[in-house]
Amino acid sequence: MASETTQLGFWARVQRASVERLHIRLESLVVLLALSTAMALLSPYFLSLSNFLNILLATSTIGVLAIAATFVIGSGGLDLSLGSVMGLAGVAGAFVAVNLGWPSVLAVIACILAGAIAGYINGQLVTRAFVPAFIVTLGMLGLARGLALVISQGRAIYGLPPEIVYIGQGRPFGIPMPVIILVLTAIVAHMVLAYTRFGRHTLALGDSEGAARAAGIRVEHHRRIIYTLSGALAGLAGLLFTARVNAGDPTAGINYELTAITAAIIGGTNLFGGRASILGTMIGALIMGVLQNGLTLLAVQSYYQQMAIGGVLILAVFIDQYQVRKESRV
Amino acid sequence: MTLLSLHGIRKSFGAVDVLHGVDLSVAAGEVVGLVGDNGAGKSTLMKTITGIYRADSGSIEFDGKDILALDPGQRRRLGIEMIYQDLSLAKQQDVASNIFLGREPTKRLFGLFPGFVDKSEMDRQAARMIERLGAHLPSINRSVGSFSGGQQQTVAIARALTFNPKLVIMDEPTAALAVREVQSVLDLIRRLRSEGIAVILISHRLNDVLSVTDRIVVLRHGRADADLVTAKTNMNEVVSRIVGGGDIAAAAAHEQRG
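Residues numbered from 1 in each chain as written. Chains lettered and ligands numbered in written order. Predicted model: local features only at pLDDT ≥ 70, side-chain atom pairs only at ≥ 80, totals over all residues. Heavy atoms only, no water.

Colleague: Explain the overall build of chain A to me, using residue names and the numbers behind them.
Modeller: The helix and strand inventory of chain A stands at 15 helices and 2 strands. For the C-alpha atoms alone, the extent of chain A along its principal axes is close to 70 × 55 × 35 Å. When burial is assessed residue by residue, chain A has 54% of its 330 residues classed as buried. The contacts of chain A with a sequence gap of at least 6 include a subset with a gap of at least 24, amounting to 78%. With an accessible surface of roughly 14900 Å², chain A has 70% of that area assigned to carbon and sulfur atoms. Computing the positive centroid from 19 side-chain charges and the negative centroid from 12, chain A places the two 2 Å apart. (Helix = DSSP H or I, 4+ residues; strand = E, 2+ residues; numbered from the N terminus. Buried < 20%, exposed > 50% of the residue type's maximum accessible area, 1.4 Å probe, protein only. Contact = heavy atoms within 4.5 Å. Areas by Shrake-Rupley, 256 points an atom, 1.4 Å probe, with all protein chains shown as cover. Lys, Arg positive; Asp, Glu negative; His and termini not counted. Charge placed at Lys NZ, Arg CZ, Asp CG, Glu CD.)

Given below as structure tokens:
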């Protein structure tokens, strides 16, 4: 054991320590720093406190969705419905607050509950109907989006009460509320995934379903909880978005699953499950945020930004798979 | 004293009947070999004991309790452990995570929040268990997928023995091992017997089965076809029971050559 450790180079040892202790891949941190440096050199507006808060604010919605993606992908599943469920949840909350005129607390609950129900249905179909997660959540992508359009009759719902708007636009101590909510959510999610039995079983499940079953873990039950959790987080993202733009927009969150899944993969989540960390995912989400912010500052058309995100996703998976194959050959 | 007794266990998958009423009993501290041709139903039978499969009919009693309705986790807590042929390890997780999977010790975080895994306690106990088995692993903090076959086998055995089982089922534990490693697994089985732990050994290597077991049960066409006392039988009889007639002499000679 000792001889092997000394054989490893300094970089390899730091890498291993960061994976074992902090559950992050060092490469993603390097990419984030390199990208930020590049953007700072290219744009004079990049390095400022207000722009930094802008990036965090723009990352908050994607960040919450990426946490959901991390749990699902880490467990060996997939949730393509994240963006649509987020849109549905925002509309549901706005409908409860504006059309029904119910108290804001109920609107907040409606957002998260709508997401959780959609996720619960995903989980039931995946574990009981034996339809692959890819198909179930792709179907839910269409279903949830359609339902959001039906509820809102295709138009954004305006006129949210001030308490809801505060969730999106308030700035206690100068820090945007969505950023505070993202950070708190990420801390709790990190603790749960890395240090609780639930989190360990989630990764074991994604690693080897057979091993998890043999160990007495109730595999189907666990999957249903994870999909429900994923939906509830998409609901929270919908709340943050709706509150920030002050409207229940039925088209909110289109293509967000693409960015969220990309953030999770860049952050070191194994596409096939078994390895994931929220800390890594947050770095991944920041990379996506810096990329989008930088490209906007450089006045690159948003069409190209979309292309960049898609390209980054494929590149991240390529690099990950390349490393896995290299390691397994040793 | 009978530890495990099965009566009339039936199991079918769709139109395929695998088990047609199996009777089997194992006493505490007894080592029973389970042999049979491919497709005789050995693995299916063992999985109905561990609870991975639910028997269609029949009864299973363990330690005087009816366990037919219990799930794998509950049966494990009663003391039934299985070492699977494919080892059933979570390859990206480390040694302690595999040994304690589903049974992680927990503590309160900051003395407040319950349910947090006590990783340092897990690592400590895992290291102690590996040491007790006399095995050497490069590091217990590495993912088990980076280990050799024999090292992974050690982790699987450590997982089965950490929680003081009463019955350990081993499915082809020596199939993928080098000669020296085979001997250490056989020694381990003898040690378990001396500690009063019952073992069911599934193996194609009849020499191993004959050298280490007290009894040999032959499974054939989904039934327990023969129940032989190891001390009173021999290779020829076991082989003839497995193949059920035909060219017994040739088959036995083939087995003898190993």
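Now, onward.
Colleague: Explain the interface of chain A and chain B to me, and be specific about the residues and the numbers.
Modeller: Each partner contributes to the interface: chain A provides 26 residues, whereas chain B provides 27 residues. A per-residue breakdown of the area chain A buries against chain B is headed by A:Arg197, A:Arg200 and A:Asp207, which together make up 27% of the total. Our count for the chain A to chain B interface comes out at 1 salt bridge. Of the charged contacts, one joins B:Glu104 and A:Arg197 as a salt bridge, the two residues approaching to 3.1 Å between their closest N and O atoms. Elements supplying a minimum of two residues to the side of chain A that touches chain B: helix 2 (10-22), helix 9 (177-195), helix 10 (197-207) and helix 11 (209-214) of chain A. (Buried area = accessible area lost by both parts, 1.4 Å probe. Salt bridge = Lys/Arg side-chain N within 4 Å of Asp/Glu carboxyl O.)

Colleague: Just give me the short version of the pattern of salt bridges, but keep the residues and values in it.
Modeller: All names here are of chain B. Within the structure shown, the criterion is met by 16 salt bridges over all chains. The closest approach of N and O atoms between Asp-214 and Arg-193, which form a salt bridge, is 2.7 Å. With a gap of 21 residues between them, Asp-214 in the loop between helix 7 (206-212) and strand 11 (215-220) and Arg-193 in helix 6 (residues 179-194) connect regions that are remote in the sequence. Looking at Asp-214, the relative accessible area reads 27%, which means it is partly exposed.

Colleague: Which residues make up helix 4 (residues 49-74) of chain A, and what values do they have?
Modeller: Residue and element names in this part refer to chain A. Taking the largest bend as the criterion, helix 4 deviates by roughly 45°, centred on Ser-60. Most of helix 4 sits out of view: 21 of its 26 residues are buried. Positioned one or two residues after helix 4, Gly-76 has a phi angle of 85°, which is positive. (Bend = angle between axes of the 7 residues up to and from the residue.)

Colleague: Break down the sheet that holds strand 9 (residues 167-171) of chain B for me, citing the residues and quoting the values.
Modeller: In a beta sheet, neighbouring strands pair by backbone hydrogen bonds and run either parallel or antiparallel. All names here are of chain B. With mixed pairing, 6 strands are arranged side by side in an open sheet as 6-9-10-3-11-12. Either end of the sheet is taken by a strand with one partner, and the two such strands are strand 6 (80-83) and strand 12 (223-229). Taken pair by pair, the neighbouring strands of this sheet meet at an average axis angle of 20°, ignoring direction. Of the strand pairs in this sheet, strand 3 (residues 31-35) and strand 10 (residues 198-202) are connected by 4 bridges, and their pairing is parallel. Each residue of the ladder has a partner; that of Gly-33, found in strand 10, is Leu-201. Strands strand 3, strand 6, strand 9, strand 10 and strand 11 of the sheet are contacted by helix 1 (residues 42-50), whose axis makes an angle of about 150° with strand 9. Its contacts with the sheet place helix 5 (residues 149-161) against strand 6 and strand 9, and it is angled at close to 175° to strand 6. (Pairing = 2+ DSSP bridges. Axes fitted to C-alpha atoms, helices over the stretch in contact; angles between N-to-C directions.)

Colleague: Break down the nonpolar core for me, citing the residues and quoting the values.
Modeller: One recurring pattern in soluble globular proteins is that nonpolar side chains are buried together. Among the nonpolar cores identified, the biggest contains 76 residues, and A:Ile67 and A:Ile278 are the most heavily contacted of them. Once you skip the residues sitting within four places of it in the chain, A:Ile278 turns out to touch A:Ile67, A:Thr70, A:Phe71, A:Ala186, A:Ala189, A:His190 and A:Leu193. One finds B:Ile157, B:Ala160, B:Val212 and B:Leu228 within the second-largest nonpolar core, a separate group that totals 48 residues. (Core = buried A, V, L, I, M, F, W, Y, C linked by side-chain atoms within 4.5 Å.)

Colleague: Explain the packing of helix 8 (residues 162-169) of chain A against helix 12 (residues 219-245) of chain A to me, using residue names and the numbers behind them.
Modeller: Residues and elements named next belong to chain A. The geometry of helix 8 relative to helix 12 is characterised by a closest axis approach of 7 Å and an angle of 100° between their N-to-C directions. Comparing their axes, helix 12 and helix 8 come out roughly perpendicular. Two secondary-structure elements touch here, helix 8 through Ile-164, Val-165, Ile-167, Gly-168 and Gln-169 and helix 12 through Leu-239, Leu-240, Ala-243 and Arg-244. When the residues that make up the contact of helix 8 with helix 12 are grouped by side-chain class, the tally is 6 nonpolar, 2 polar and 1 charged. (Parallel < 35°, antiparallel > 145°, perpendicular 65-115°, else oblique. Nonpolar A, V, L, I, M, F, W, Y, C, P; charged D, E, K, R; others polar.)

Colleague: I'd like to hear about the environment of A:Ser230, residue by residue, with values.
Modeller: All names here are of chain A. For Ser-230, the location among the structural elements is in helix 12. Sequence-wise, Ser-230 and Phe-46 are 184 residues apart; in three dimensions their C-alpha atoms are separated by 33 Å. Discounting residues that sit within four places of it in the chain, Ser-230 has contacts with Ala-68, Val-72, Asp-79 and Leu-82. A polar atom in the side chain of Ser-230 sits 2.8 Å from the side chain of Asp-79. (Polar contact = N/O pair within 3.5 Å; in protein donor to acceptor, adjacent residues only side chain to side chain.)

Colleague: Give me the sheet that holds strand 5 (residues 65-66) of chain B: which residues, what numbers.
Modeller: Residues and elements named next belong to chain B. Strand order in this open sheet of 4 strands is 2-1-4-5, and the pairing throughout is antiparallel. The strands lining the two open edges of the sheet, one partner per strand, are strand 2 (16-27) and strand 5. Inspection of the sheet shows strand 4 (residues 57-62) paired to strand 5 by 2 bridges, in the antiparallel sense. Residue pairing for strand 5: Phe-62 is matched across the bridge by Lys-65. Contacts between helix 1 and the sheet are confined to strand 1 (2-13), strand 2 and strand 4, with strand 1 contributing the most and set at about 120° to the helix.

Colleague: Give a description of the pairing of strand 6 of chain B that names residues and reports values.
Modeller: Successive residues of a regular strand alternate their side chains across the two faces of the sheet. Residues and elements named next belong to chain B. A two-sided burial pattern is seen for strand 6, the buried positions comprising Ile-80 and Met-82 on one face and Glu-81 and Ile-83 on the other. In terms of strand pairing, strand 6 meets strand 9 through 4 bridges, oriented parallel. Along strand 9, the bridge assignment pairs Ile-80 with Leu-167.

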